[in-house]
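The primary structure of each chain is shown beneath.
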Amino acid sequence: MTELLPYLKDIFSFTEGKPLIFTQLFFWGFFAVVLLFYSFIYKNLTLRTVYLLAVSFFFYYKTSGVFLLLLVFTICSDYNWGRLIFKAKTQQLKKVYVAISVIINLSLLCYFKYAYFFTESCNQLFHSDIAFFNHFSQFSNTFFGTAFSLDKLILPVGISFFTFQSISYIVDMYREKVQPVKNIFDYGFFVCFFPHLVAGPIVKANEFLYQIYQPYKLSRFEFGLSLFWILNGLCKKILADYIAVNFIDRIFDSPGYYSGMEVILGIFGYSLQIYADFSGYTDIAIGVALLLGFRLKTNFNSPYKATSTSEFWQRWHISLSSWLKEYLYIPLGGNREGTLGSYIAITLLGFVFILLSGQLWLIFVFIGVTIIFVALSYYFESFKKSVNTNINLLVTMLLGGLWHGSSWMFIIWGGLNGVGLIAHKLWQRISPFNNNNSWYVRAITIFCTLSFISFTRIWFRSENLDTVSLIFDRISNHFGSNLFVDVLKGYKVVLLVILFGYLVHWIPVNIKEWYRNFYASLPLPVLALSVVCTVFVVYQAITSDMQPFIYFQF
């Protein structure tokens, strides 16, 4: 018993810096135990929900420790606001309850993601010396014996994801798209179902709640399909970590040591890495959820097959794109016209830009630009129409960039993608290739789209603008074309892995469906053997500790 206690303590305690992730053997041991007990209670819907809620709480505790309290608060708060919205007799009262709930959710999200940034920016802007104080850390240290620093802000894992999910319930309740859940356990389960809790896909209320009240169902084919998604996700994660450790991280950490050609290869390699990493997580999440009897929406649809920026954002991180479209872009007016909300959002974003820059004089620049836009809109109807129909697209992408973090890098990345979407809309009006379906036109447009998306990710991946400047300097002035053969020889293995990843990605969808369905239909002994062999190969390929998934930081 004395020897067993430290082991049990390690299992049930939170270790800072070591979140519970899908690629750890510990997780699969945890999931095996979950399935063991689940097999006894899955037919009882109430017991099933309570059990999976408890499991999800444990999973989040192992991932974020005391921040479990924040998750519980979000569940309790929005469950009760949802009830008030449903019972409200007037639309005005419903709007008040929706507004309170959304403000609470966004206030918590903004505090944990942006409070430290706003304090630093205000000090820089107004030359003040306000000390940041983390009240949540003080509360945790006082009551739970933690040792968080009071002058630093720690981001709770997955806060952006479960906040957006909770908001979807409140808004869908107001729109009468969903009925209120039967009890708080059902709502808690919807918000924090562990497969999608910390890195998506974002689950909207109208797409998931009804599943809570359906009996467990898993066909023999779906069982095979769930194994396919889990193994597929693990393989993607291994590929992502391999090319990151052996090539991409080195390029972005010290671009000055590499030729422009190596930097460009690193940029395209990063596009593959972030896709394999993020879609690998969601593949595993979809497979794990399916084994438990729940269906999550597809989050990626071969995004690098896109022939335009518009198509890319219909294929990439679909759950976030659709959330932003349904709960932000359309309410702002969509592509019809700018609304008061659109211009308020632009004003707030302008305020954020000024804070990020730390330059007070930019306020006058912002006011000047606003006056020019108002004047042009007054005298030129075509300019006014163009602004009104495109402003919401730009606002949505800028806010999507800000969702990723309080940094110039993310806002510039979001802005560039917004400009790319607007440029594609304008190009469609004059493009001579609109009705051209030839393979070479498709290949060229796919390459152009991939190149644009990849180069916007220079800002997404870089730490600061100095790194971005250095990257473009290496490409422009130190390309190193004479080193072409040496680069290919020196990085032949990792470059072959990157090429392999892209080629698999570009396999036609009908072939992918065929081998996916073929695998899912294999006899059980063959499936079991494939799992053992894949797991053995995957974990033999690990050269260091598995890296946390990239989107854990958002």
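Scroll up for the structure.
So, a few notes on the structure that sits alongside this text.

Criteria and cut-off values
Residues numbered from 1 in each chain as written. Predicted model: local features only at pLDDT ≥ 70, side-chain atom pairs only at ≥ 80, totals over all residues. Heavy atoms only, no water. Helix = DSSP H or I, 4+ residues; strand = E, 2+ residues; numbered from the N terminus. Rg over C-alpha atoms; globule rule 2.2 N^0.38 Å. Buried < 20%, exposed > 50% of the residue type's maximum accessible area, 1.4 Å probe, protein only. Contact = heavy atoms within 4.5 Å. Areas by Shrake-Rupley, 256 points an atom, 1.4 Å probe, with all protein chains shown as cover. Lys, Arg positive; Asp, Glu negative; His and termini not counted. Charge placed at Lys NZ, Arg CZ, Asp CG, Glu CD. Salt bridge = Lys/Arg side-chain N within 4 Å of Asp/Glu carboxyl O. Core = buried A, V, L, I, M, F, W, Y, C linked by side-chain atoms within 4.5 Å. Expected span 1.5 Å × (residues − 1). Arc of directions from axis to C-beta. Polar contact = N/O pair within 3.5 Å; in protein donor to acceptor, adjacent residues only side chain to side chain. Patch = residues over 30% accessible without salt bridge, like charges linked within 9 Å, V, L, I, M, F, W, Y side chains within 5 Å. Phe/Tyr/Trp six-rings, centres within 6.5 Å; stacked < 30°, edge-to-face > 60°. Lys NZ or Arg CZ within 6 Å of the ring centre and 35° of its normal. Axes fitted to C-alpha atoms, helices over the stretch in contact; angles between N-to-C directions. Parallel < 35°, antiparallel > 145°, perpendicular 65-115°, else oblique. Left-handed = near helix turned anticlockwise from the far one by under 90°. Nonpolar A, V, L, I, M, F, W, Y, C, P; charged D, E, K, R; others polar.

**Topic: the overall build of the protein**
Step number 1: On a plain count of helices and strands, the protein comes out with 23 helices and 0 strands.
Step number 2: In terms of overall dimensions, the protein is globule-like: its C-alpha atoms have a radius of gyration of 25 Å, near the 24 Å expected for 554 residues.
Step number 3: Referenced to the eigenvectors of the C-alpha coordinate spread, the extents of the protein come out at roughly 75 × 70 × 50 Å.
Step number 4: Within the span of the protein, comprising 554 residues, buried residues form 51% of the whole.
Step number 5: Considering only contacts in the protein between residues 6 or more positions apart, those separated by 24 or more positions represent 77%.
Step number 6: As displayed, the protein has an accessible area near 27200 Å², and 67% of this comes from carbon and sulfur atoms.
Step number 7: Separation between the mean location of the 39 positive side-chain charges and that of the 28 negative ones in the protein comes to 11 Å.

**Points about the pattern of salt bridges**
Step number 1: Going through the model one piece at a time under the given rule, you end up with 11 salt bridges.
Step number 2: With its nearest N and O atoms 3.8 Å apart, the salt bridge here joins Glu-326 to Arg-175. Of this pair, Glu-326 sits in helix H13 (residues 318-329) while Arg-175 sits in the loop between helix H7 (159-174) and helix H8 (184-192), and the two are 151 residues apart along the sequence.
Step number 3: Given the relative accessible area of 16%, Glu-326 is considered buried.
Step number 4: By relative accessible area, which is 33% here, Arg-175 ends up partly exposed.
Step number 5: With a shortest N-O distance of 2.6 Å, Asp-277 and Lys-237 are connected by a salt bridge. Here Asp-277 is found in helix H11 (residues 260-291), whereas its partner Lys-237 is found in helix H10 (residues 220-253), with 40 residues between them in sequence.
Step number 6: Bridged by salt links that share partners, the residues Arg-175, Lys-177, Lys-204, Glu-207 and Glu-326 form one connected network.

**Looking at the environment of Arg-457**
Step number 1: Tracing the sequence through the fold places Arg-457 in helix H18 (residues 439-461).
Step number 2: On the accessibility criterion, Arg-457 (4% relative accessible area) is buried.
Step number 3: C-alpha separation for the pair Arg-457 and Trp-439, spaced 18 residues apart in sequence, amounts to 27 Å.
Step number 4: Setting aside its immediate chain neighbours within four residues, Arg-457 contacts Tyr-270, Ser-271, Ile-274, Tyr-304, Phe-312, Trp-316 and Trp-413.

**Brief notes about unusual backbone geometry**
If a residue is not glycine, its phi is most likely negative; likewise, a peptide bond is most likely trans.
Step number 1: Even without a glycine there, the phi angle at Glu-176 is positive, about 60 degrees.
Step number 2: Mapped onto the elements of the fold, Glu-176 is located in the loop between H7 and H8.
Step number 3: Notably, Ser-302 is not glycine yet its phi reads approximately 45 degrees, a positive angle.
Step number 4: Along the chain, the position of Ser-302 falls in the loop between H11 and helix H12 (309-315).
Step number 5: By relative accessible area, Ser-302 is classed as buried at 11%.

**Details of the nonpolar core**
Soluble, globular proteins show a tendency: their nonpolar side chains are buried together.
Step number 1: Judged by nonpolar contacts, the single largest core of 142 residues is most densely connected at Tyr-169 and Phe-190.
Step number 2: At 19 residues, H11 tops the list of elements feeding residues into this core.
Step number 3: Once residues within four sequence positions are removed from consideration, Phe-190 is found in contact with Gln-165, Ser-168, Tyr-169, His-196, Val-203, Lys-204, Ala-205, Phe-208, Leu-209 and Ile-212.

**What about helix H19 (residues 465-477)?**
Step number 1: For H19, spanning 13 residues, the distance from its first C-alpha to its last is 18 Å, which sits close to the expected 18 Å at 1.5 Å a residue.
Step number 2: Buried within H19 are the following residues: Thr-467, Val-468, Ile-471, Arg-474 and Ile-475. Down the axis, H19 shows its buried residues gathered within 125 degrees of arc, on one side only. Set apart from the buried face of H19 by more than 90 degrees, the exposed residues are Asp-466, Ser-476 and Asn-477.
Step number 3: Contact partners of the buried residues in H19: H10, H11, helix H17 (408-430) and H18.
Step number 4: If you check the start of H19, you find a side-chain oxygen 3.2 Å away from the backbone N of Asp-466, and it comes from Asn-464.

**Describing a nonpolar patch on the surface**
Step number 1: A cluster of nonpolar side chains, contributed by Val-33, Leu-36, Phe-37 and Phe-40, occupies part of the molecular surface with about 450 Å² of accessible area.
Step number 2: Relative to the helices and strands, Val-33 resides in helix H2 (residues 25-41).

**A short note on the packing of aromatic side chains**
When we look at a pair of aromatic rings, we describe it by the centre distance and by the angle of the planes.
Step number 1: As enumerated under the stated definition, the model contains 62 aromatic pairs in all.
Step number 2: Summarising the aromatic geometry, the rings of Tyr-42 and Tyr-216 are spaced 4.9 Å apart at their centres and angled 65 degrees between planes, so their arrangement reads as edge-to-face. Here the residue Tyr-42 occupies a position in the loop between H2 and helix H3 (45-64), and Tyr-216 occupies one in the loop between helix H9 (205-212) and H10, the gap between them amounting to 174 residues.
Step number 3: Given a relative accessible area of 24%, Tyr-42 falls into the partly exposed group.
Step number 4: One cation-aromatic arrangement involves Lys-113 over Trp-403; the distance from NZ or CZ to the ring centre is 5.3 Å.
Step number 5: Taking the ring centre of Trp-316 as reference, the NZ or CZ of Arg-457 above it sits at 4.5 Å.

**Notes on the environment of Glu-222**
Step number 1: Note on placement: Glu-222 falls in helix H10.
Step number 2: With 71 residues separating them along the chain, Glu-222 and Gly-293 place their C-alpha atoms 9.5 Å apart.
Step number 3: Contacts of Glu-222, omitting those with residues within four sequence positions, involve Lys-217, Leu-290 and Arg-295.

**Details of the packing of H11 against H19**
Step number 1: Between H11 and H19, the least distance of the axes is 7 Å, while the angle of their chain directions is 125 degrees. By the angle between their axes, H11 is oblique relative to H19. As for the relative orientation of H11 and H19, their crossing is left-handed in sense. Contacts between H11 and H19 involve Gly-260, Val-263, Ile-264 and Ile-267 from the former and Ile-471, Arg-474 and Ile-475 from the latter.
Step number 2: Tallied by class, the residues present in the contact of H11 with H19 amount to 5 nonpolar, 1 polar and 1 charged.

**Digging into the packing of helix H4 (residues 68-87) against H8**
Step number 1: Two elements in contact, H4 and H8, have axes whose closest approach is 10 Å; the angle formed by their N-to-C orientations is 125 degrees. As the angle between them shows, H4 and H8 are arranged oblique. For H4 against H8, the interelement crossing comes out right-handed. From H4, Leu-71, Thr-74, Ile-75, Cys-76, Asp-78 and Tyr-79 reach across to H8, where they touch Ile-184, Tyr-187, Gly-188, Val-191 and Cys-192.
Step number 2: Split into classes, the residues belonging to the contact of H4 with H8 amount to 8 nonpolar, 2 polar and 1 charged.

Geometric descriptors of this kind do not, in isolation, establish any biological role.
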